[in-house]
Structure formats: structure tokens, C-alpha cells
Amino acid sequence: MEVVDVSLGRRSYRIHIGPGLMRDANLLNATVSARQVLIVTNDVVAPLYLDGLRAVLQDRELRTVVLPDGERHKTLDTFSRIVDELIDGNFHRDACLVALGGGVVGDVAGFAAACYQRGIDFLQMPTTLLAQVDSSVGGKTAVNHPRAKNMIGAFYQPIGVVADTDSLRTLPPRELSAGLAEVVKYGLILDLELFEWLEKNMEALLALDPAALAHAVRRSCEIKAAIVAEDEQERGRRALLNLGHTFGHALESIGRYEKWLHGEAVAIGISLAASTSRALGWLGADDCARIDALLRRARLPVAAPGIDADEMLSHMSRDKKAGREGLKLVLLERIGRGVVTPAPDDALLRGVLA
Ligand SMILES: NC(=O)c1ccc[n+]([C@@H]2O[C@H](COP(=O)([O-])OP(=O)(O)OC[C@H]3O[C@@H](n4cnc5c(N)ncnc54)[C@H](O)[C@@H]3O)[C@@H](O)[C@H]2O)c1
């Protein structure tokens, strides 16, 4: 088992990574001290993993909420269903909510844990690669508003993360690749060594080699944990984690959240951020080719033909991370070094997008 510490003073916690952890009674009993436990999952993950987890936690006062699958259910309605269940079960402030699933389950369950009686214990058990390397770590929780994604939420840290890498065996290949986009992102913004390791080990990751998966998840969590420890509430450095995301969010919105998975839109966004960095003279053509080649090997798209540059620019300027000082982008000074910088002028961006 690999362990990564997230150092946030009284809100510090551990990320446990490895095969079979969902069945590790010692680990789960040591992590969850509460007597009352509510497991929140969805109707895709429940048939695969819920019985096993319930068996491990059988000596607790246990209840379960099974949400319908999908991003469109990351809403105040499903949030209310979780709170209803907590109230129906007479759950106290010392109860624990366990999120078993991908980023959607983690985000809505985390927000419910943050709000119920002003905050109860919350354990993340991420079952997608994206959730294991990204969404389960760092304490961002949210639901969507009908007009905008992740608009209602809170920073709320879990008491721990248990990432069972065996659960990735049942993940659809497209979802695995979407998670790999975030792993490539970590290498690009901060860790040339990780990027080079990915160039050597992409096929092992796609084949779900246990040692390769454990390494990729651990290194990604270490990088995210270090950034979150420095800037928990995204006032500065944490924005580095948004490499590819401003372009990606615009694409997701243009595609009405149906055309691309989040990680796929991020992969195209990373390629666009690399091209923008090249247009500024920071990266060479060889760097851009290397980045695209790695993303392609992860079975990710690197282009979105047929999308109008002006439509992209208008969506990008509406990004919720565009603050009062205007739109910022994460660009690359070189592979392994990202920077948060004011967006270059529209003419340059339009050229890159075209
Ligand atoms: N909180 C954060 O910091 C943060 C960061 C990144 C993304 N997010 C959010 O995460 C969400 C995306 O997360 P995601 O990519 O995990 O999507 P997801 O939760 O929708 O999971 C993807 C699909 O895989 C299924 N699934 C999950 N685990 C499975 C398994 N082990 N085997 C088979 N199928 C499985 C799910 O039911 C779903 O159909 C978005 O809502 C996004 O906004 C949050």
C-alpha cells in the first residue's frame, strides 16, 4: 500500500492507495471511527462494490443511498436525498459519510457531509482514475446549478481517502483514458520525471499493471497534496492544477457536457495550452509534438475540429475562474514547469484556436 499525507494542520489526512483496499477491514476500521455510517454511491458502482464494502463495515449502524448515475444528477435534488437519508436515520454530528464512486458521487456526497449539521466526517473511496488522482483529493465539493457547473459548493476536507486500484479494472476504457489526462497534466506542470515515466509506461497503465497504476496514482496525489497544502482555497498556486481546464471547460460547455468526457476536453485543452505556449516562444515544436504524442498514446483526443475560434473565446471569457483581473491561463514555460499567467491577447489566442 502507498500512503500520501495531505498536510493541512488540524484538517490533515492520509491517502491510501493500492489493490484490494476496499476489502481491508483493518484499514477501514482504523480510518472510520464513527458508529453511524452512510454510504453514498450510484447505480453503476453499487452492483460492483457495495456488498463488499457493507460486509467490511457490518458492525456499524449502516445506511446506503444509491443515486442515479451521471453528471446530470450532481444537483441540489440528489444533495437533498442524501440529507433526507441522514435525517431519516437520525444521524448525529459524529456520523461518517462514505463516498463510493467517481467524482460525481464524491463531489455531491462531500457537499452533503460539509453541510449536514455544519459538517460530519467524510471518507472518499474513489473508484475512477480521475477521482483517485484528482477529485477525491483537496477538499473541493460541489453540485451543479442548472445554468452552471459546480456553482454551489464548499471547501471541505475528507478524513481520509482510500483508493482501491483494483476498482479500475471495471472502469470503461474511455473513463480510464480521461483520468490519464490529469496524470499527464501533473507531469507537465511540475514533474518532468513523471512525464518521462509516463512516456515509458503508458502501455502498462492502459493494461492496468498494478505497480504502474499505484505509481501514477501516488505521484499524482503527492503533487496535488503539495499544492493544496500551500494553497487550500485556490487563491494562487492551486490554479496551476487548471492546465488545459479553461480551454477544456469551454469545449465541455460547447459540447453540452455530452460530446467529451471532462478528461477528454482537458486533453484537447492541454494541447491548446501547449500551442499557446509555443506561440509565445516558450515551448518548441518538438515539445508540442511530444505532448500530443503522449496524450494520443493515452487514447485521448488532441483536437476539436469544426469548433469556431470566436465561440471558444467567448466561452473562455465566461470561465468562472476568470476573476476581476481578467482571464488567466496556465501555460508551460517548458515540460515540467507550468505558470499561471494573464491570457495573451485575443489575436494570438484566435490564431492558436484556428
Ligand atoms: N472536487 C474536485 O476537485 C474535482 C476535480 C475534478 C473533477 N471533479 C468532478 O468530478 C466529476 C467527474 O468525475 P469522474 O470522471 O470520476 O466521473 P463519474 O463520477 O461520472 O464516473 C464516470 C463513470 O464511471 C462509472 N464508474 C465509477 N467507478 C466505476 C468503476 N470502478 N467501474 C465501472 N464504472 C465506474 C460512473 O458510474 C460513471 O458512469 C465531475 O463532476 C467533475 O466536476 C471534481
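Going by the structure above, here's the rest.
Residues numbered from 1 in each chain as written. Predicted model: local features only at pLDDT ≥ 70, side-chain atom pairs only at ≥ 80, totals over all residues. Heavy atoms only, no water.

With that settled, consider unusual backbone geometry. In this structure, N150 is a non-glycine residue whose phi angle is positive, near 55°. Relative to the helices and strands, N150 resides in strand β8 (residues 148–155). Taking the relative accessible area as the measure of exposure, N150 reaches 25% and is therefore partly exposed. At Y257, a position not held by glycine, the phi torsion is positive, near 60°. Within the fold, Y257 resides in the loop between α9 (245–254) and α10 (262–279). Taking relative accessible area as the criterion, Y257 reaches 41% and is therefore assigned partly exposed. (Helix = DSSP H or I, 4+ residues; strand = E, 2+ residues; numbered from the N terminus. Buried < 20%, exposed > 50% of the residue type's maximum accessible area, 1.4 Å probe, protein only.)

Formed by 75 residues in total, the largest nonpolar core has its most connected members in L188, L198, F247, I291 and M312. It is helix α8 (residues 210–230) that provides the largest number of residues to this core, a total of nine residues. Taken together, domain 1 (2–170) and domain 2 (173–353) each give at least three residues to this core, which thus spans both. Residues in contact with I291, not counting those within four places in the same chain, are L188, F195, I270, A274, L283, L332 and I335. (Core = buried A, V, L, I, M, F, W, Y, C linked by side-chain atoms within 4.5 Å. Domains from an automatic or database assignment. Contact = heavy atoms within 4.5 Å.)

Turning our attention to the packing of α9 against helix α12 (residues 309–317). With their axes 9 Å apart at the nearest point, α9 and α12 run at an angle of 110° to one another. Accordingly, the angle class assigned to the pair α9 and α12 is roughly perpendicular. Where α9 crosses over α12, the two elements pack in a sense that is right-handed. Every residue of α12 that contacts α9 at T246, F247, A250, L251, S253 and I254 is listed here: E311, M312, H315 and M316. A class-by-class count of the residues in the contact of α9 with α12 yields six nonpolar, three polar and one charged. (Axes fitted to C-alpha atoms, helices over the stretch in contact; angles between N-to-C directions. Parallel < 35°, antiparallel > 145°, perpendicular 65-115°, else oblique. Left-handed = near helix turned anticlockwise from the far one by under 90°. Nonpolar A, V, L, I, M, F, W, Y, C, P; charged D, E, K, R; others polar.)

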